[in-house]
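# Overview (structure and organization)
Chain by chain, the residues run as shown.
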Amino acid sequence: IQAPKPVTTPTRAYGERELVEQDVITQTRVELAMRACDRELKNYRQAARCDMEAIVQEPGWIDPYIGMAENCCYTGEFEKGVTWGEAAMTKGPPHAACIINPLDYNFRLFHILSLCYAETGKIQEAVEACEQALRVRPNSPDIETNLGLFKARLEILPRIKTFLEDAKGLDDDAMVFHGRA
């Protein structure tokens with residue numbers, strides 16, 4: 001009986017990674033988890049299960065944390081998306097064997113975080129995340145558009161709050177519209 005040879009597993013979600021000195025069961029579990037994480041099929045529950053399996057198997061990898069943030073963003077769980085995205089920022093750079101440009105990890109993470117921050121009302125953080133993404137990939141149309149929208153929200157929010165505070169002091173008669181019908 002020969003010992004299993006180290007394998008190289010190409011995957012769309014995690015790049016190419018050499019699994020060396022692990023038992024066959026662990027190799028198989030990691031391979032299955034990595035292959036099944038396919039958000040392109042919009043199966044976010046399955047993608048989340050696979051990302052969690054990858055976190056269990058490789059807790060130092062940044063990719064499954066970004067994947068969890070992305071799953072949460074797609075499913076509208078923006079607070080959780082922020083939590084997972086911020087957890088991803090505590091991880092080291094992607095594994096050296098990954099075939100994806102490490103800067104793409106940063107761009108993807110900051111793009112996801114900008115959306116999650118905005119949806120949770122953390123507009124200043126959303127602006128900062130967009131600016132970080134633009135440092136990695138300047139002139140990204142999506143990020144530039146979002147950045148403009150988020151900055152506009154920052155400018156208009158104080159005026160809306162002032163208007164609402166002023167309106168609280170008015171009596172009902174002052175709120176009646178006296179124009180032509």
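Residues numbered from 1 in each chain as written. Predicted model: local features only at pLDDT ≥ 70, side-chain atom pairs only at ≥ 80, totals over all residues. Heavy atoms only, no water.

## Notes on the overall build of the protein chain
A tally of helices and strands in the protein chain yields seven helices and two strands. Mapped in sequence order, the helices and strands of the protein chain form the string β-β-α-α-α-α-α-α-α. Once local pairs closer than 6 in sequence are excluded, the contacts in the protein chain between residues at least 24 apart make up 54%. (Helix = DSSP H or I, 4+ residues; strand = E, 2+ residues; numbered from the N terminus. Contact = heavy atoms within 4.5 Å.)

## Things to note about the pattern of salt bridges
Counted according to the given criterion, the structure contains four salt bridges. The closest approach of N and O atoms between E70 and R108, which form a salt bridge, is 2.6 Å. Of this pair, E70 sits in helix α3 (residues 63-75) while R108 sits in helix α5 (residues 102-119), and the two are 38 residues apart along the sequence. For E70, a relative accessible area of 15% puts it in the buried group. Close ionic contact of K80 with E77 constitutes a salt bridge, the shortest N to O distance being 3.2 Å. (Salt bridge = Lys/Arg side-chain N within 4 Å of Asp/Glu carboxyl O. Buried < 20%, exposed > 50% of the residue type's maximum accessible area, 1.4 Å probe, protein only.)

## Describing the packing of aromatic side chains
Given two aromatic rings, one states the distance between the centres and the angle between the planes to describe the pair. All told, the structure shown has two aromatic pairs when counted by the stated rule. Centroid distance Y65 to W84: 5.9 Å. Interplanar angle 50 degrees. Geometry classified as tilted. Of the two residues, Y65 is situated in helix α3 and W84 in helix α4 (residues 78-88); the sequence distance between them amounts to 19 residues. On the accessibility criterion, Y65 (8% relative accessible area) is buried. Taking the ring centre of F107 as reference, the NZ or CZ of R137 above it sits at 3.8 Å. (Phe/Tyr/Trp six-rings, centres within 6.5 Å; stacked < 30°, edge-to-face > 60°. Lys NZ or Arg CZ within 6 Å of the ring centre and 35° of its normal.)

## Details of helix α7 (residues 141-168)
Taking 1.5 Å of rise per residue, the 28 residues of α7 would be expected to cover 40 Å, and the 40 Å separating its terminal C-alpha atoms lies within 8% of that figure. Helix geometry: α7 is bent most strongly at I156, by close to 30 degrees, with proline P158 lying one to four residues after it. For α7, the complete set of buried residues consists of I143, N146, L147, F150 and A167. (Expected span 1.5 Å × (residues − 1). Bend = angle between axes of the 7 residues up to and from the residue.)

## Notes on the packing of helix α2 (residues 44-57) against α3
Packed helix pairs are characterised by how far apart their axes lie and by the angle those axes make with each other. Between α2 and α3, the shortest axis-to-axis distance is 9 Å and the interhelical angle comes to 160 degrees. Judged on the interaxial angle alone, α3 and α2 are roughly antiparallel. The interaxial crossing formed by α2 with α3 has left-handed handedness. On α3, the residues touching Y44, A47, A48, D51, M52, A54 and I55 of α2 are P64, Y65, G67, M68, N71, Y74 and T75. (Axes fitted to C-alpha atoms, helices over the stretch in contact; angles between N-to-C directions. Parallel < 35°, antiparallel > 145°, perpendicular 65-115°, else oblique. Left-handed = near helix turned anticlockwise from the far one by under 90°.)

## Thoughts on α4
Because each turn of an α-helix spans 3.6 residues, side chains separated by three or four positions in sequence point in the same direction. Restricting attention to buried positions, one finds in α4 the residues F78, G81, V82, G85 and A88. Buried residues of α4, viewed axially, fall in a sector of 125 degrees; they line one side. (Arc of directions from axis to C-beta.)

Fair warning: the whole summary comes from geometry, so function is off the table for now.
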